[in-house]
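Spelled out, the chains give:
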Amino acid sequence: MANDDLFICIDHVGLAVPNLDEAITFHTEKFGWRVLHRETNEEQGVEEAMIGTGSQLPESAQIQLLAPLNENSTIAKWLNRNGGPGMQQLCYRVKDIDAVCATLRERGLRLLYDEPKVGTGGARINFVHPKDAGGVLLELTEPAS
């Protein structure tokens, strides 16, 4: 991947919120966003909604609202550590997550998972460690085909 772009575009920004229904109401009523997808991810301990202005990818970047399912979830810990809701992650869309992960590892970056996991809508995901990405939790997503 030496001469190819690693990333297609910014896929979404993830916002940690304490209550998903309240966050959806706020973003739809105040900003006019629409709910494009909603699901529960038991493995990651989150309930989430993708909101946007378009119908679905790739027409527009989206905002991912992430609420904890329990006090042990990563999002619950994030909310407690940061004193409440806020931007939790930035996500880049990729064409081939395996190739991108291999290239980033070759460049000395740490990824959170040895192998990509299943994320929103069946996408394959991984994360670059925040300490290796300027303090930002950087998600990589290869959307389901």
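What you see is a predicted model; the values in this text were computed from it and never measured. (Residues numbered from 1 in each chain as written. Predicted model: local features only at pLDDT ≥ 70, side-chain atom pairs only at ≥ 80, totals over all residues. Heavy atoms only, no water.)

Peer 1: Describe the nonpolar core, naming the residues involved and giving the relevant values.
Peer 2: Among the nonpolar cores identified, the biggest contains 11 residues, and these are Leu6, Leu90, Val94, Ile97, Val100, Cys101, Leu104, Leu111, Val128, Leu138 and Leu140. Breaking this core down by element, the ones donating at least two residues are helix H3 (97–106) and strand E8 (138–142). With four residues, the top contributor of residues to this core is H3. Excluding residues within four positions of it along the chain, Leu104 makes contact with Leu6, Leu109, Leu111, Val128 and Leu140. If you look at the next biggest cluster of nonpolar residues, it comprises 10 residues, including Ala49, Ile51, Ile63 and Leu65. (Core = buried A, V, L, I, M, F, W, Y, C linked by side-chain atoms within 4.5 Å. Buried < 20%, exposed > 50% of the residue type's maximum accessible area, 1.4 Å probe, protein only. Helix = DSSP H or I, 4+ residues; strand = E, 2+ residues; numbered from the N terminus. Contact = heavy atoms within 4.5 Å.)

Peer 1: So what's going on with H3? Which residues, and what values?
Peer 2: Those residues of H3 not exposed but buried are Ile97, Val100, Cys101, Thr103 and Leu104. Down the axis of H3, the smallest arc covering the buried residues is 165 degrees, so these residues share one side. Check the buried side of H3 and you find it contacts strand E7 (124–128) and E8. The opening residue of H3 is Asp96, an N-cap whose side-chain oxygen sits 3.2 Å from the backbone nitrogen of Asp98. (Arc of directions from axis to C-beta. Polar contact = N/O pair within 3.5 Å; in protein donor to acceptor, adjacent residues only side chain to side chain.)

Peer 1: Describe the pairing of strand E2 (residues 34–41), listing the residues and the values that go with them.
Peer 2: Regular strands place their side chains on alternate faces of the sheet. Relative to strand E3 (residues 46–52), E2 runs antiparallel, the two being bridged by seven bridges. When the sheet's bridge partners are listed, Glu39 is paired in E3 with Glu48. Here E2 folds back onto E3 in antiparallel fashion, the turn holding four residues, of which Gly45 has a positive phi close to 70 degrees. (Pairing = 2+ DSSP bridges.)

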